[in-house]
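As a plain string of letters, each chain reads:
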Amino acid sequence: MAKKSVVYKCSKCGYTQPAWLGRCPECGEWNSLEECILDSNAPKSSLKSDGTVLKAKPVSMQKVSQQSNSRISTGNEEFDRVLGGGATKRSAILVGGEPGIGKSTLLLQAAASLLPNGKILYVSGEESAGQIKSRANRLNLEAGSLEILCTMRLEDILDALDSLNPLVIIVDSIQTVYSVEAGLVPGTITQLKYCSNELIGWVKERDSVLFMTAHVTKDGNIAGPKSLEHMVDTVLSFERTSDEVRFLRAQKNRFGSVDELGLFEMDEKGLKCVSDPSSLFITRRKKETPAGIACASVFEGSRVFIVEIQALTVPAKAAVNRVYSEKIDSARVSRVAAVLEKRLGIKFSDQDIYINVAGGIRLSESAIDGALAAALYSARTDISLPEKTAIVGEISLAGEIRPVTKQKQRIKAARDLGFQKFIVPESEAGATQVETIKDLIKCLFVERC
């Protein structure tokens, strides 16, 4: 990284030179040369023509005009949902995901939809222009006016931005971009921070939107410094559960909720929105439901999903039992199992516990506790739950079933999918109320209400 350098600038005519002189050679004024620092870390957009930095000054809130029509639709309902209603102008969005999951496809489809709104610049450091055009043709996208720039040099990108002034900039991927000011090796921490700062600085001063794709590590985290996620406004994570289904989540969103979930299916024509999301998480069976299966009604953002929780218990293979759960926090599973063992006397301490969620969705809401407890009890006793039963409720350490929010919406969503029995912690028409975990188990497995 280049260091700060000092120049001397005439306060009368603006003439600069590297050494101090008593008299300005340009205008002849005496004692007018003042010391100025050239900051190579400052964004190019904040530099004057002579290389000095424009100083930022405070502005009264009363003089600030509110930005109108600040959101633009990407043309994809699920994508807009996760972004909070569309992409916000003067914002930077980072999209992370494993290789081949569909990041480039999603952004290319969004670029084609956004073309009627203004110029779109697609910067690729990984693919050639011919490869991008082949993908667009394969997806039947009308993207003839899309501007494509295949380069890894930041300086080339900034020149293109100044000449085109695009509405949307897509950089695929940020790890391939480098600047001569920060070295010649792409992907380093210094390069990522420097190049991202320059691009974000350019967007913040114009009514544009910046999308950047990013590689991820084997743990699923975005590769590079954590500060990269703090520099952008929105961080999106692209996940997959199978070859066809993709989940898009917001890990950070300054302009919307981080609870929304976008669902996509991948086929030969690209990514498509899932028309019936609930069908992804429920197994349609012709025979009786086996033991260890329970259904819960959960909220993901503004939508309700009915999910199927699957449990299996087997004798522990070692001296200490283990919990194998990827989609539900293993600590939550252990806690619910401990409450069952304490309050009902059914032993789990000598069992290995396996937990799965149909469709591969990750669950973190406390409302799944009741269904998780029912699935564990069913798996341990090998007794199946009643057909078409949905369970809602949070379990306390005292064995109480605590209320959850939006109970009516949860019941309505389950009823629309054909569920006939509802176990809830608060009184509701057409549902059975339970107050403790003993009542829950008695209702499901003893009374068969």
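Now for a quick tour of the structure.

The rules behind these values
The residue count restarts for each chain, going from 1 along the sequence in the order it is written. At least 70 in pLDDT is required for a residue's local features to be given in this predicted model, at least 80 for side-chain atom pairs to be given and counted, and no such filter applies to totals for whole chains, interfaces and linings, which use all residues. Note: side-chain values were computed over all heavy atoms of the structure, leaving out hydrogens and water. Here, a strand pair is defined by DSSP locating no fewer than two bridges between the strands. In DSSP terms, a helix is any run of H or I states spanning at least four residues, a strand is any run of E spanning at least two, and both are numbered starting from the N terminus. Here an axis means a line fitted to C-alpha atoms, over the contact stretch when the element is a helix, while the angle between two N-to-C directions is reported on a 0 to 180 degree scale. Pairs of residues are marked as contacts when any of their non-hydrogen atoms sit within 4.5 Å. Throughout, exposure labels follow a simple rule: accessible area from a 1.4 Å probe, protein chains only, divided by the maximum for the residue type, with under 20% read as buried, over 50% as exposed, and the rest as partly exposed. A side-chain nitrogen of Lys or Arg and a carboxyl oxygen of Asp or Glu constitute a salt bridge if their distance falls within 4 Å. To estimate how far a helix should extend, the number of its residues minus one is multiplied by 1.5 Å. For classification, angles of less than 35 degrees are called roughly parallel, those exceeding 145 degrees roughly antiparallel, those between 65 and 115 degrees roughly perpendicular, and all remaining angles oblique. Each residue receives one of three labels: charged for Asp, Glu, Lys and Arg, nonpolar for Ala, Val, Leu, Ile, Met, Phe, Trp, Tyr, Cys and Pro, and polar for the others, Gly being one of them. A 3.5 Å cut-off defines polar contacts: any pair of N or O atoms within that distance qualifies, except that in protein one atom must be a possible hydrogen donor and the other a possible acceptor, and neighbouring residues in sequence count only when both atoms are side-chain atoms. Aromatic pairs are defined between Phe, Tyr and Trp rings, using the six-membered ring for Trp, whenever the two ring centres lie within 6.5 Å; interplanar angles under 30 degrees are classed as stacked, those over 60 as edge-to-face, and all others as tilted.

1. Describing the sheet that holds strand β11 (residues 234-240)
Move 1: Spatial strand order, β8-β7-β9-β10-β6-β11-β12-β13-β14: nine strands in an open sheet with mixed pairing. At either end of the open sheet lies a strand with only one pairing partner, and these are β8 (147-150) and β14 (270-273). Geometrically, the sheet is characterised by an average inter-axis angle of 25° between neighbouring strands, direction not taken into account.
Move 2: Looking at chain direction, strand β12 (residues 245-253) and strand β13 (residues 261-267) are connected through five bridges and run antiparallel. In the strand pairing of β13, R246 is matched with F264.
Move 3: Across the sheet, helix α2 (residues 103-114) lies against β6 (91-97), β7 (120-124), β9 (168-172), β10 (209-214), β11, β12, β13 and β14, angled at about 75° from β14, the strand it touches most.

2. Things to note about unusual backbone geometry
Move 1: With an omega of 0°, the peptide bond running from D172 to S173 counts as cis.
Move 2: Looking at the secondary structure, you find S173 in the loop between β9 and α5 (189-204).
Move 3: Notably, N140 is not glycine yet its phi reads approximately 60°, a positive angle.
Move 4: You can see N140 is positioned in the loop between α3 (129-138) and β8.
Move 5: A relative accessible area of 58% means that N140 is categorised as exposed.

3. Digging into the pattern of salt bridges
Move 1: What the rule picks out here adds up to 21 salt bridges.
Move 2: Ionic pairing is found between D233 and R254, a salt bridge with its closest N-O pair at 2.8 Å. Taken together, the positions of D233 in the loop between α6 (227-231) and β11 and R254 in the loop between β12 and β13 put the pair 21 residues apart, joining distant regions of the chain.
Move 3: D233 gets classed as buried once you look at its relative accessible area, which sits at 2%.
Move 4: Notably, a salt bridge pairs D267 with K272, separated by 3.4 Å at the nearest N-O pair.
Move 5: Judged by relative accessible area, D267 falls into the partly exposed class, the value being 30%.
Move 6: Among the ionic contacts, a cluster of salt bridges with common partners joins E77, E78, R81 and R303.

4. Regarding α2
Move 1: With 12 residues, α2 extends 17 Å between its outermost C-alpha atoms, agreeing within 8% with the 16 Å of an ideal straight helix rising 1.5 Å per residue.
Move 2: In terms of burial, α2 is a largely internal element, 11 of the 12 residues being buried.
Move 3: Three or more residues of α2 are buried, namely K103, S104, T105, L106, L107, L108, Q109, A110, A111, A112 and L114.

5. Re the sheet that holds strand β19 (residues 389-391)
Move 1: Here seven strands make up an open sheet; going across it, the order is β17-β18-β16-β15-β19-β22-β23 and the pairing mixed. Each having just a single partner strand, β17 (323-325) and β23 (432-433) make up the two edges of the open sheet.
Move 2: Sheet topology places strand β16 (residues 303-315) next to strand β18 (residues 351-357); seven bridges connect them, and they run antiparallel. Residue pairing across strands places L312 opposite Y354, the latter belonging to β18.
Move 3: Each of β15 (293-300), β16, β19 and β22 (421-424) touches helix α9 (residues 407-416); the most contacted strand, β16, lies at about 80° to it.

6. Quick notes on the packing of helix α7 (residues 330-344) against helix α10 (residues 437-446)
Move 1: Put simply, α7 and α10 touch, their axes get as near as 10 Å, and they point 85° apart. Of the possible angle classes, the one that applies to α7 and α10 is roughly perpendicular. On α10, the residues touching V339, L340, R343 and L344 of α7 are I437, K438 and I441.
Move 2: Residues belonging to the contact of α7 with α10 are distributed by class as follows: five nonpolar, no polar and two charged.

7. With respect to the environment of D267
Move 1: With respect to the helices, strands and loops of the structure, D267 is situated in strand β13.
Move 2: Distance in space between the C-alpha atoms of D267 and G256 is 29 Å, their sequence separation being 11 residues.
Move 3: One polar contact links D267 to K272, side chain to side chain, over a distance of 3.4 Å.

8. A few points about the packing of aromatic side chains
Ring pairs (aromatic) are described by centroid distance and by the angle formed between their planes.
Move 1: Scanning the entire structure with this criterion turns up six aromatic pairs.
Move 2: Note on F247 and F281: the rings are 6.2 Å apart at their centroids and 55° apart in plane angle, and the pair reads as tilted. Note that F247 is positioned in strand β12 and F281 in the loop between β14 and β15, a separation of 34 residues in sequence.
Move 3: Residue F247 is classed as buried on the basis of its relative accessible area, which comes to 1%.
Move 4: Judged by relative accessible area, which is 0%, F281 ranks as buried.
Move 5: Centroid distance F281 to F305: 5.5 Å. Interplanar angle 85°. Geometry classified as edge-to-face. Within this pair, whereas F281 is found in the loop between β14 and β15, its partner F305 is found in strand β16, the two being separated by 24 residues in sequence. Accessibility assignment for this pair places F281 and F305 in one class, buried.
Move 6: Through pairs of rings, three or more aromatic residues link up here, namely F247, F281 and F305.

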